[in-house]
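# Residue-level structural notes
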Amino acid sequence: MIDPEYRFYTDNGSWTNHVEDQIVVMDFDQRRHYAIRGPSSFLRLADEERDGIDGIEVLKRYMDQIDPAIHTLFVDATGTLVSTSSDPEEDPQQAILYPSLLDAPSLQDCRMITMTELTELDRIMPGIDLMSYEDDDVTAKKVIFKNTPIMQFQERRWREIIMLHSLPTHPNIVALDRIVVDDTTSQHILGFTVPYVPAPSLDKDPTQVFRLEWFKQLTSLVDYLNLELRIANQDIAPRNLICFEQAPAGSQLRMIDFEFSTAMGLPWHVEEFNDVKGVIFTLYEIITLDSSYRKVHPSEQNPDIVMNLEEWPCRRPLDAEVEIFRQHLKEWVTSRQAITMSPTTPPPPPFPAMPKPRPVAYIDFAAQQPAQISIAQLPRVVAEEYGNYIISWQRPPSSMRPSDS
Ligand SMILES: Nc1ncnc2c1ncn2[C@@H]1O[C@H](COP(=O)(O)OP(=O)(O)OP(=O)(O)O)[C@@H](O)[C@H]1O
Ligand SMILES: [Mg+2]
């Protein structure tokens, strides 16, 4: 189940005129949007520190009591529900338009699967589900489906597909499995799957033993990425690493998230996120469970502070003394500092741009005539009115899933 802290998200479409506010909230559990409307004095959308939280609180309070067709809740100055709407014309749901795999020449050798072939097993995070499908040999294969129910996820899914597709097979990298499309004719890219690793990521279970050998797998993987492939991961953290004790020797540690990765030398490559720094903080966090040193702005994250701390309080079982882990870290950091990274010659090829969504039928309101447009999203009711085919992400609340009741 999605952690309640991450389940709701204040999305585009929110507005305020300082008398009345509308807060559009995405519920990642049901994958649908609600609008909460009421006095600005209560909803406080203009208060950046609130970040729409007052609308989210209203939704949490009433969502189990309202008819499933209702999408808008009107509240008074005390936050009490006064009326609702299920009028399709007012539905805050947007229709997202997706790029097609047919327009992505570099991905033509990727295997695809349609979303309907995937069966949901669990909802893990916003846009991250555990699914299964029948593989070629008719066995059920468990996969993580990284999907795109809001437009803001499109670019990052695209980047990760391109990056995973470019990586050679490696025992410590969770590889691209399938590109998920709506159907095999239009091939709209809705996300991708990677094989499921049957163990928690390193942020999840502080009772899991962490082994020196796994840390060595991490440092050599980072050397491989940085020094051989000239790729920077830029998001090395316990939540992006999984250790699977039963895996064959040398492959227990797996890196799972390449969303911020880039070829070195491209504009996306940012020194503040360098991987040596990432490994230092990651080892510190794995051992001490203290992530406070990365809670500040990246430019202020100083790995030397962590390196020079006299003591690292050990809050997780390890198969060697903390000092031995720190010694390996120190030697590795020193070895990396001795390497001068030459500027890449020739420079890496530019990152392929995400194809534009295929045009859909629309009305050009200025010219008052039908038109074809290629945009990222448009109101669902408008998209439907002009006969466009819409991807539907909505699903029943997880509280109604048979396995959860
Ligand atoms: N292949 C996998 N096998 C098992 N669990 C996975 C796998 N991929 C992801 N997960 C779980 O889902 C979580 C989120 O996955 P991932 O890091 O890919 O998503 P994300 O949206 O990029 O998250 P974040 O931005 O917080 O790093 C991971 O921390 C891990 O717990
Ligand atoms: Mg991650």
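First things first, this report covers the structure right here in the doc. This one's a predicted model, so the numbers in the text were calculated from it and none came from an experiment.

Criteria and cut-off values
Residues numbered from 1 in each chain as written. Chains lettered and ligands numbered in written order. Predicted model: local features only at pLDDT ≥ 70, side-chain atom pairs only at ≥ 80, totals over all residues. Heavy atoms only, no water. Near = heavy atom within 4 Å. Areas by Shrake-Rupley, 256 points an atom, 1.4 Å probe, with all protein chains shown as cover. Helix = DSSP H or I, 4+ residues; strand = E, 2+ residues; numbered from the N terminus. Nonpolar A, V, L, I, M, F, W, Y, C, P; charged D, E, K, R; others polar. Domains from an automatic or database assignment. Buried < 20%, exposed > 50% of the residue type's maximum accessible area, 1.4 Å probe, protein only. Phe/Tyr/Trp six-rings, centres within 6.5 Å; stacked < 30°, edge-to-face > 60°. Lys NZ or Arg CZ within 6 Å of the ring centre and 35° of its normal. Donors = N, O, S within 2.8 Å, 3.2 Å for Na, K, Ca; no water. Contact = heavy atoms within 4.5 Å. Axes fitted to C-alpha atoms, helices over the stretch in contact; angles between N-to-C directions. Parallel < 35°, antiparallel > 145°, perpendicular 65-115°, else oblique. Left-handed = near helix turned anticlockwise from the far one by under 90°. Patch = residues over 30% accessible without salt bridge, like charges linked within 9 Å, V, L, I, M, F, W, Y side chains within 5 Å. Salt bridge = Lys/Arg side-chain N within 4 Å of Asp/Glu carboxyl O. Lys, Arg positive; Asp, Glu negative; His and termini not counted. Charge placed at Lys NZ, Arg CZ, Asp CG, Glu CD.

Next up on the list: the site of ligand 1. Residues in contact with ligand 1 amount to 18 residues; listed here are only the nearest, Lys146, Ser201, Lys204, Arg239 and Asp257. For ligand 1, the accessible surface in isolation is 610 Å², of which the surrounding protein chains cover 90%. At the level of elements, β9 (119-125), β11 (140-147) and β13 (189-195) are the ones that each hand at least two residues to the shell around ligand 1. Residues that form the shell around ligand 1 fall into these classes: 11 nonpolar, two polar and five charged. When residues are assigned to domains, the shell around ligand 1 turns out to be shared by domain 2 (98-196) and domain 3 (212-337), each giving three or more.

With that out of the way, let us pick up unusual backbone geometry. In this structure, Leu289 takes a positive phi of about 60° despite not being glycine. Looking at where Leu289 falls in the secondary structure, it is placed in the loop between α6 (275-288) and α7 (303-308). Accessibility expressed as a relative area gives 42% for Leu289, which makes it partly exposed. For Gln368, which is not a glycine, the phi torsion comes out positive at approximately 55°. Tracing the chain through its elements places Gln368 in the loop between β18 (360-364) and β19 (369-373). For Gln368, a relative accessible area of 58% corresponds to the exposed category.

Another aspect to go through is the packing of aromatic side chains. Across all of its chains, the model carries eight aromatic pairs by this definition. Geometrically, the ring pair formed by Tyr98 and Trp393 is tilted, given 6.3 Å between the ring centres and 55° between the ring planes. Taken together, the residues Tyr98 in the loop between β7 (94-96) and β8 (112-114) and Trp393 in the segment after α9 (380-385) connect sequence positions 295 residues apart. On the basis of relative accessible area, Trp393 is assigned to the buried category, the value being 7%. Ring pairs connect the aromatic residues Phe210, Trp214, Phe215 and Phe325, which therefore count as one cluster. Over the face of the ring belonging to Trp268 we find Arg159, whose NZ or CZ atom lies 3.7 Å from the ring centre. The cationic tip of Arg159 hangs over the ring face of Phe351; the distance from NZ or CZ to the ring centre is 4.1 Å.

This part covers the coordination of the magnesium ion (ligand 2). Ideal values differ by geometry: the angle at a metal is 109.5 degrees with four tetrahedral donors, but 90 or 180 degrees with six octahedral donors. Looking at the magnesium ion (ligand 2), the protein donor atoms are Asn240 (OD1) and Asp257 (OD), and they sit 2.0 to 2.2 Å from it. On the criterion of sequence distance, the pair formed by Asn240 in the loop between β14 (231-232) and β15 (241-243) and Asp257 in the loop between β16 (253-255) and β17 (262-263) is long-range, its members being 17 residues apart. Accessibility assignment for this pair places Asn240 and Asp257 in one class, buried.

It is worth spelling out the environment of Gln377 at this point. Within the secondary structure layout, Gln377 lies in strand β20 (residues 377-379). Taking relative accessible area as the criterion, Gln377 reaches 21% and is therefore assigned partly exposed. C-alpha separation for the pair Gln377 and Ile96, spaced 281 residues apart in sequence, amounts to 4.3 Å. Residues in contact with Gln377, not counting those within four places in the same chain, are Asn12, Gln94, Ala95, Ile96, Leu97 and Met151.

This next bit is on the packing of helix α5 (residues 212-228) against α6. Contact geometry of α5 with α6 gives a least axis separation of 11 Å together with a crossing angle of 165°. In terms of orientation, α5 and α6 fall into the roughly antiparallel class. Every pair of crossing elements has a handedness; the one defined by α5 and α6 is right-handed. Contacts from Phe215, Leu218, Thr219, Val222 and Asn226 of α5 reach α6 at Asp275, Val279, Thr282 and Leu283. In the contact of α5 with α6, the residues fall into five nonpolar, three polar and one charged.

Right, let's get into a negative patch on the surface. Taken together, Asp47, Glu48, Glu49 and Asp51 make up a surface patch of like negative charges. Summarising the element assignment, Asp51 is placed in the loop between α2 (40-43) and α3 (53-62).

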